[in-house]
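# Observations on chain architecture
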Amino acid sequence: MNQRQIFLQHVAQTSPAPLALEIVKASGVTLTDKSGREYIDLIAGISVCNVGHCHPRVVKAIRQQTSQYLHLLVYGEFIETPQVQYAKLLTDHLPDSLNCVYFTNSGAEAVEGAMKLAKRVTGRTTIIAFNQSYHGSTQGALSIIGDEYWRNAFRPLLPGILHMQYNDFSMIDSIDHNVACVILETVQAERGIFAPSKEWLSALRKRCSEVGTLLIMDEIQTGFGRTGHLWGFEAFGIVPDIILLGKALGGGMPLGAFITDKKLMDALTDKPVLGHITTFGGHPVCCAAGMAAMKVLLKEDLIEKVAAKEVLFRQLLQHPAIRVVRSRGLLIAVEFDTAETCKRIIDRCIENGVLTDWFLFAANCLRIAPPLTISKKEIKRTCEVLLHAMGNV
Ligand SMILES: Cc1ncc(COP(=O)(O)O)c(C=O)c1O
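Conventions we followed
- Residues numbered from 1 in each chain as written.
- Predicted model: local features only at pLDDT ≥ 70, side-chain atom pairs only at ≥ 80, totals over all residues.
- Near = placed C-beta within 6 Å.
- Helix = DSSP H or I, 4+ residues; strand = E, 2+ residues; numbered from the N terminus.
- Nonpolar A, V, L, I, M, F, W, Y, C, P; charged D, E, K, R; others polar.
- Axes fitted to C-alpha atoms, helices over the stretch in contact; angles between N-to-C directions.
- Parallel < 35°, antiparallel > 145°, perpendicular 65-115°, else oblique.
- Left-handed = near helix turned anticlockwise from the far one by under 90°.
- Contact = placed C-beta atoms within 7 Å.
- Domains from an automatic or database assignment.
- Pairing = 2+ DSSP bridges.
- Buried ≥ 20, exposed ≤ 12 C-beta atoms within 10 Å, placed from the backbone.
- Core = buried A, V, L, I, M, F, W, Y, C linked by C-beta atoms within 7 Å.

### Quick word on the site of the ligand
Around the ligand lies a shell of 15 residues, among which Ser-106, Gly-107, Ala-108, Gly-136 and Ile-220 are the nearest. Considering each element in turn, the shell around the ligand owes the most residues, three residues, to helix α5 (residues 107-122). Here the shell around the ligand is built from residues that sort into six nonpolar, seven polar and two charged.

Next comes the structure, spelled out in structure tokens:
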């Protein structure tokens, strides 16, 4: 059996049509396959590699930490330097009320922890989530996912979940004293990049505060400079009660987190004690990598350059096949008339050395979410390939 056959036979598959590229090296915005072919990466591991693949500082931090220690004990028992320092760095760059970090292994686990915390803090059980939102694939996260196609096969799921229309003022009054939390993506990514209005988010914030409902914002795709701000919510002039982080948080290593006020977080330590526990959450190597990546992000002024790169993509992407381009920083969706058209274009892009894909709830949209380190030259080259792929579709 060759490697491809073993992959298909012995590695669990998630779809009948995996990309199945065999990448042997990744550096900056470039992936190299085993035949030496290079691809410009417009996916960045789904908004993970914001500082580029294998940034030397991230790799160095991993090497250093592996020479000290790997796993020591379950999360929360020992004082582990990478965890402590990363929690400090994160909270130093967040509003005062977001001052306590619970590290997990993944985004979905951050979602799970935050949902539990909201129930525990408020003593309520109803959760409001939104149609066309994605929050992960575990049972709690799946319960709040905003699409019945993905939910239905796995019922029964969590009770007490209400799905509402995103960016819709008429849902605001549904937030009452029974609602533990409202959970939303700051920008709905897998819907094909839909940002809410400032006014709606303000109204949501106001109503949550009035009735004591926690506002949870999922920054798992929008965090770490992706939208041109360190945190996506900064553009909207509000502060959530809990934020969820993942993806770029680990700088290419698996890491998630939910962050809130210590006064709320402490609810997980009592009645029951150990209210939320994890063996590997906040793994020291992942925290060391994530902290190095965040320092690179801040030091190399990558965030400041996002807006100009977004503009360049938008200027260059002019083609009759494009219905609309929606973007928030370097989180860009290029919409075509059908999923088939989009798929044809994606296939041609990959054939021509640009790696892209579609969105979970928007198969007619092509994803542009490269490492934030992408240069103007690389953007121009990428857009040439994209336009060529659109050709005479
Ligand atoms: C917005 C959002 N929330 C949560 C998740 C779940 O993260 P993970 O796959 O690390 O569990 C994802 C993953 O794509 C996501 O995009």
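### Structural notes on the packing of helix α3 (residues 56-66) against helix α10 (residues 284-299)
In helix packing, the relevant descriptors are the interaxial angle and the interaxial distance, both defined with respect to the helix axes. Here α3 crosses α10 at 150°, and the two axes come no closer than 8 Å. Looking at the two axes, α3 sits roughly antiparallel to α10. For the pair α3 and α10, the sense of crossing is right-handed. Every residue of α10 that contacts α3 at Arg-57, Val-58, Ala-61, Ile-62, Gln-64, Gln-65 and Thr-66 is listed here: Pro-284, Val-285, Ala-288, Ala-289, Met-291, Ala-292, Ala-293 and Val-296. When grouped by side-chain class, the residues that make up the contact of α3 with α10 number 11 nonpolar, three polar and one charged.

### Observations regarding the domain arrangement of the protein chain
Partitioning the protein chain into structural domains gives domain 1 (3-54 + 301-390) and domain 2 (57-299). The interface of domain 1 with domain 2 comprises 28 residues on the first partner and 29 residues on the second. Going through the elements one at a time, α2 (44-47), α11 (306-316), β11 (324-327), β12 (332-335) and β15 (362-368) are the ones with two or more residues in the side of domain 1 that touches domain 2. Residue composition of the side of domain 1 that touches domain 2, by class: 19 nonpolar, five polar and four charged.

### A closer look at the packing of helix α4 (residues 81-92) against α10
Look at α4 against α10: their axes get within 8 Å of each other, and the N-to-C directions meet at 35°. The handedness of the crossing between α4 and α10 is left-handed. For the pair α4 and α10, the contacting residues are Pro-82, Gln-83, Gln-85, Tyr-86 and Leu-89 in the first and Pro-284, Cys-287, Ala-288, Gly-290, Met-291 and Met-294 in the second. A class-by-class count of the residues in the contact of α4 with α10 yields eight nonpolar, three polar and no charged.

### Some thoughts on unusual backbone geometry
Put simply, Arg-155 and Pro-156 share a cis peptide bond, and its omega is 5°. Position of Pro-156 relative to the elements: it lies in the loop between α7 (148-152) and β6 (161-164). Within the chain, Lys-247 stands out as a residue other than glycine whose phi angle is a positive 45°.

### Things to note about the sheet that holds strand β4 (residues 100-104)
The strand order across the open sheet formed by seven strands is β4-β10-β9-β8-β7-β5-β6, and the pairing between neighbours is mixed. Where the open sheet ends on each side, the last strands, each with one partner, are β4 and β6. Pairs of neighbouring strands in the sheet enclose a mean axial angle of 20°, with direction left out of account. Taken together, the four bridges between strand β5 (residues 126-130) and β6 define a ladder with parallel strand orientation. The partner of Ala-129 across the bridge, within β6, is His-163.

### What to know about the sheet that holds strand β13 (residues 354-355)
Ordered in space as β1-β2-β3-β13, the four strands form an open sheet in which the pairing is mixed. Both edges of this open sheet fall to β1 (23-27) and β13, since each of them pairs with a single strand only. Here β1 runs beside strand β2 (residues 30-33); their pairing, made up of four bridges, is antiparallel. Across the sheet, residue Ala-26 finds its bridge partner in β2, namely Leu-31.

### Overview of the pairing of β5
Most of β5 sits out of view: five of its five residues are buried. Alternating positions in β5 separate into two faces, Thr-126, Ile-128 and Phe-130 on one and Ile-127 and Ala-129 on the other, with burial throughout. Here β5 runs beside strand β7 (residues 179-185); their pairing, made up of three bridges, is parallel. Each bridged residue has a counterpart across the sheet, and for Thr-126 the counterpart in β7 is Val-179.

### Brief notes about the nonpolar core
Core analysis: the largest hydrophobic core is formed by 113 residues, its most contacted members being Ala-114, Val-182, Ile-216, Leu-244 and Ala-257. Counting residues per element, this core draws most heavily on α10, at 11 residues. Counting contributing residues per domain, this core is built from domain 1 (3-54 + 301-390) and domain 2 (57-299), each supplying no fewer than three. Those residues in contact with Ile-216, other than ones at most four positions away along the chain, are Ala-114, Ala-118, Cys-181, Val-182, Ile-183, Pro-240, Asp-241, Ile-242 and Leu-244.

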